[in-house]
Amino acid sequence: FCKGSPEKIEAISDPSTIPVNFHSILDSYTEKGYRVISLATKLLPRTKSYIKIQRMQRSEVESNLQFLGLIVLENRIKKETRPVIKQLQGAKLRTVMVTGDHIQTAVSVAKECKMIPSKSRVIFVTAGEEEDNADRSKIKSLEVPVNLTI
């Protein structure tokens, strides 16, 4: 079995095992602040010995996986979070969030704990290395409200 971020598991899974509505389902959970991880599997040949399996390259094992599904977790913010954020903001201290969560989950949590006002506009920017064979159909634009201070 293999678990990881939905985007990473999607990238290393057999495309035929990814549901057509994968992104809409993922978005529906992350927009509500849920943490989401994916699960996949790969059957290794029974003819390979335990030692040979242990010596396999990670890239060989983590490729052409069979996507199994999404695991959706709810992790509520602590009751102390909102008052602490309010106190920091009252002291004119900049608050930032550093997370490995899906960006939409992070924005939802930031709104819930009042790091950003619930009606704020947010711009999602994705950056990375461009690949010659990049699948442009997987690039997603979001137009969301934003408050910018320059």
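The structure under discussion appears in the preceding block.
In this report, we go over the structure that sits alongside the text. The structure displayed is predicted, hence computed values, not measured ones.

**Let's talk about the nonpolar core**
Ranked by size, the top nonpolar core spans 10 residues in total: Cys-2, Ile-9, Ile-12, Ile-18, Phe-22, Leu-26, Val-36, Ala-40, Leu-65 and Phe-67. Setting aside its immediate chain neighbours within four residues, Leu-65 contacts Cys-2, Ile-12, Ser-13, Asp-14, Thr-17, Ala-40, Thr-41 and Lys-42.

**Focus: the sheet that holds strand β3 (residues 66-73)**
Spatial ordering of the open sheet is given by β1-β2-β3, a layout of three strands whose pairing is antiparallel. Because the sheet does not close on itself, it has two edges, and the strands there are β1 (2-4) and β3. Direction aside, the axes of adjacent strands within the sheet are offset by 25° on average. Sheet analysis places β1 next to strand β2 (residues 35-41), joined by three bridges and oriented antiparallel. Each residue of the ladder has a partner; that of Gly-4, found in β2, is Ser-38. Packing against the sheet, helix α2 (residues 22-30) makes contact with β2 and β3, and its axis sits at approximately 15° to β3.

Calculation rules
- Residues numbered from 1 in each chain as written.
- Predicted model: local features only at pLDDT ≥ 70, side-chain atom pairs only at ≥ 80, totals over all residues.
- Heavy atoms only, no water.
- Core = buried A, V, L, I, M, F, W, Y, C linked by side-chain atoms within 4.5 Å.
- Buried < 20%, exposed > 50% of the residue type's maximum accessible area, 1.4 Å probe, protein only.
- Contact = heavy atoms within 4.5 Å.
- Pairing = 2+ DSSP bridges.
- Helix = DSSP H or I, 4+ residues; strand = E, 2+ residues; numbered from the N terminus.
- Axes fitted to C-alpha atoms, helices over the stretch in contact; angles between N-to-C directions.

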